[in-house]
Structures are given as C-alpha cells and as structure tokens.
Amino acid sequence: MITDEHSMKDSETGPTDRPFGEFLADLRSLFPSALVDGSGWERLLALAHRLPIHVINHRFGFEFDLCDPEPAADFCVVPSPGSPLAGFYVRQGELAPTESAEAALGAFLAEQVSDPQGLLAQGSGGLILEYDLVGMTGAQPRPPGIFIVTGEVKDESIREKLFGDPERLAAALWAVSGRTPDADVLREMLRVYQELPAKGGVSQAGIMPGRDQRAVRLIVQTHSAEEAAAMLERIRWPGSPEEAAYVCGSMAGLTRPGAVLSVDVTAQGVSPRLGLEFYRPVEWHDLDRAGWGSLIDRLQERGWCLPEKAKGLKAWPLVEQVFDQGKVYKVQQSINHVKVVVDRGSTAAKAYAGTMALQSA
C-alpha cells in the first residue's frame, strides 16, 4: 500500500463535479501495457469515472501482481479527514443503505472531523482505500479495503497514539468497515500485540469489508531479518520460518534492513498468508530507476516476477508533462515498495506504485 500523500489547493483541481476518470484517461500513454491493458484498463477507468477529480489532490496508487500474466491493477486513494475527497465519501455514505460498508465509511470520516477525540483527530493519521479490481467479476468493485495510517512523522508518540491501544484500534476498524466486533479476533490481536518488537511495532492496520475472511491486518516494522524471524515464531505464524528467512536474505543489499510484516489476524490465530514488504533506502518520490531495476531483476531471478511484468515495472518511474483542459500538470510516477507474499508453500511478489499530479504554474 502507498503510505505518503501530497496535497494541492482545491482551486487547482478543476471543476468539482468532473470525474477523475476524465483525467486518468489523459494519462493512458504513461501506463506500460504489461501492467495495465485491455479489460484491466477498462475496469480501472470504470472505477475512476465513479470517483471525483479530488483524487488528484493526493498521491494515488496502484498494486501490480507480478506473477499474474493479466495486465490489471488494483487501485488506492487517500481520503484524509476533512478533505474534499473525504467529503465525497461522506456524501456517498449518506445515500447508501444504513447497514452498508459505504455508510460506515462515510460516518467514520464525518466523525473524525466533528469529534476532537476521534482516532484521527489533530491530523495525526488518515485512511487509504484499496479497491480490488484484479479478477473482478461484478459490474462494480466490492467495498474497498481500509487502512488506518500515519503520515510522515518525526515524533513516534503520534504513531503510538494511533496504534498503541489495540482495543481502540480494533473498534475503529470495525466502525469504519461496518463489521460487527469480533471478540475472538480481538483476543488474537491482543496476543500478537504482546509479542511486538521493542522498537517499531504496528505502523498501519487494515480491514477488508469486501472479502469473506474476517481478519484484521497488522503492518509491523522490524529492523533485521533476525528480528522478523523471531517475531514470526513468537506470534505462532503457521508458515515456514526458513522460507521467510530466504525471502529476507534475497533482498539483502537491495532494500532497507529487515522487513515490514503484513500479518492477518483471524479468530483462529495468525493466517498462513504472510506479506514481507521491502523498501529501497530512498525517499518515496525519488525515481531511483537503477536501484529499483536491480531489485526487480532479483525478484525475476527468484521466480517471483514474470519477465513481462519486470519490463513494465522498470518503465514505470517517470516524470512527464500532461495537458488537460487547458492546464499543464507535472505527473510523477514512482515505486513505493514491493511485497513478497508467502502462503502455504507458494511465493509471489507484488509492487505498489504511486502517481502524483501537480499543476504547473
């Protein structure tokens, strides 16, 4: 998932009733066909036409499955509480059925503005919405996955405020998704929290109301492969520690030390599905083409990335000028991180990429 955002003045985004899909269509030539094409592009554009132009007030993102030959992408947006994009989801929630996930999301975003004691009060955090478009069967995507995140923070107490209290965090995830609180999931979540590293800990948390599995996803920062392996053992992850260690070792020298663990906590305990997220030692807005190229080569060598997906991903980082309705935008595309997913003996990689659009003077 994409963890940073960039804001623009609302007046710079054009008419407020214009769909985001019209803007995205003008970016078509920037998308490598190996990553998004055919029906994958059509699904993406259909979703974009249902979203407002305010999407470009922030960085928006794409998730590419590097082992799936289909040229399709999942999509994510960042509706910070109080922003015009959040206002769109609040209005959508007011029009949705009372018990729906859409109504819960809208009510949660509205509450964060009106309640000074809300979980995301005082600008300490926000939401990322992730839409599952790959393999989509219906006419419309399912409700998006919802992640509670911090922005860039220098004061770790801000992160602690959001993620230090697992009961409050679980309550917020159930509220924002419209799901009924689950005592068994909370019990397992509290157990995992007891085994967190002394430094780092939970940096994001999410829930997927559109998926069948009732789980909370915890994103946990570790600072070395050894620390990651030790934590997986403590939380009783049912997978192979040797497999996770092999993945971490494969990234050595190409990414920041350690791995960010993506752990699904269910009523039965930690899921066999484990995500190991890796970041380059650069800022997210740095194109870092050579560095990402070496990392993508490593993924391909290990069999975790198809050759055509590797070629497309290497072409992703760029800066281009785009003309749209008489305005000029500087569009920057960068890679945020990669995730290697280990699940019951299978291993595959995903890439998380972002796009930022700035109106030129």
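Residues numbered from 1 in each chain as written. Predicted model: local features only at pLDDT ≥ 70, side-chain atom pairs only at ≥ 80, totals over all residues. Heavy atoms only, no water.

Visitor: Account for the overall build of the protein chain, with residues named and values stated.
Guide: Secondary structure summary: the protein chain contains 11 helices and 11 strands in total. Here the C-alpha atoms of the protein chain give a radius of gyration of 20 Å, agreeing with the 21 Å that 2.2 N^0.38 yields for 361 residues. The principal-axis extent of the C-alpha atoms belonging to the protein chain is close to 55 × 50 × 40 Å. Here the protein chain, with 361 residues, has 57% of them falling under the buried criterion. A sequence separation of at least 24 residues applies to 71% of the contacts in the protein chain between residues at least 6 apart. (Helix = DSSP H or I, 4+ residues; strand = E, 2+ residues; numbered from the N terminus. Rg over C-alpha atoms; globule rule 2.2 N^0.38 Å. Buried < 20%, exposed > 50% of the residue type's maximum accessible area, 1.4 Å probe, protein only. Contact = heavy atoms within 4.5 Å.)

Visitor: If you had to explain the pairing of strand S1 (residues 60–65) to someone new, which residues and values would you point to?
Guide: Across the 6 residues of S1, 5 count as buried, placing the element largely inside the fold. Two strands pair when backbone bridges link them, and S1 and strand S11 (residues 346–359) are joined in this way by 6 bridges, in the antiparallel orientation. Its bridge partner being in S11, Phe62 is matched across the sheet by Ala353. (Pairing = 2+ DSSP bridges.)

Visitor: Which residues make up the pairing of strand S10 (residues 327–343), and what values go with them?
Guide: With 13 of its 17 residues buried, S10 lies for the most part within the structure. One ladder, built from 5 bridges, connects strand S8 (residues 269–278) with S10; its direction is antiparallel. Bridge assignment links Gly275 to a residue of S10, and that residue is Val341. As paired strands, strand S9 (residues 318–324) and S10 are joined by 7 bridges and run antiparallel to one another. Note that in S10 the partner of Asp324 across the bridge is Lys327. With antiparallel pairing between neighbouring strands as the criterion, S9 and S10 make up a hairpin whose turn holds 2 residues, including Gln325 at a positive phi of roughly 50°. In the sheet, S10 pairs with S11 via 14 bridges, with the strands oriented antiparallel. Following the sheet pairing, His337 is matched in S11 by Tyr352. Between the end of S10 and the start of S11, which pair antiparallel, lie 2 residues, with Arg344 showing a positive phi angle near 55°.

Visitor: How would you explain the side chain of Glu277 if you had to name every residue and give the values?
Guide: Looking at the secondary structure, you find Glu277 in strand S8. Buried and without a salt bridge, Glu277 has Lys339 as its closest oppositely charged side chain, separated by 4.3 Å. In contact with Glu277, not counting residues within four places along its chain, are Ile219, Ala259, Val260, Ser262, His337, Val338 and Lys339. (Lys, Arg positive; Asp, Glu negative; His and termini not counted. Salt bridge = Lys/Arg side-chain N within 4 Å of Asp/Glu carboxyl O.)

Visitor: Help me get a handle on the packing of aromatic side chains, residues and values and all.
Guide: The description of an aromatic ring pair rests on the distance of the ring centres and on the angle between the ring planes. Considering all chains together, one arrives at 14 aromatic pairs under this definition. Aromatic side chains Phe60 and Phe75 sit 6.1 Å apart centroid to centroid with 50° between the ring planes, which places their arrangement in the tilted category. One end of the pair, Phe60, is in strand S1; the other, Phe75, is in strand S2 (residues 74–77), and 15 residues separate them in sequence. Here Phe60 matches Phe75 in class, with each residue buried. Judged by centre distance (6.3 Å) and plane angle (5°), the rings of Phe62 and Phe64 are stacked. Pair check on accessibility: Phe62 and Phe64 agree, each one buried. Aromatic rings pair up to connect Phe20, Phe31, Trp41, Phe60, Phe62, Phe64, Phe75 and Trp316 into one cluster. Lying across the ring of Trp41, Arg28 places its NZ or CZ 4.5 Å from the centre. (Phe/Tyr/Trp six-rings, centres within 6.5 Å; stacked < 30°, edge-to-face > 60°. Lys NZ or Arg CZ within 6 Å of the ring centre and 35° of its normal.)

Visitor: Which residues make up the pattern of salt bridges, and what values go with them?
Guide: Tallied over the entire structure, the rule returns 18 salt bridges. Here Arg18 makes a salt bridge to Glu22, at a shortest N to O gap of 3.0 Å. Judged by relative accessible area, Glu22 falls into the partly exposed class, the value being 34%. Bridged by salt links that share partners, the residues Asp184, Arg187, Glu188 and Arg191 form one connected network.

Visitor: How would you summarise unusual backbone geometry if you had to cite specific residues and measurements?
Guide: Despite not being glycine, Asp288 shows a phi value in the positive range, around 50°. Relative to the assigned elements, Asp288 resides in the loop between S8 and helix H10 (289–301). Even without being a glycine, Arg344 presents a positive backbone phi close to 55°. For Arg344, the position within the fold is in the loop between S10 and S11. With a relative accessible area of 65%, Arg344 lands in the exposed category.

The analysis is restricted to geometry; functional conclusions fall outside its scope.
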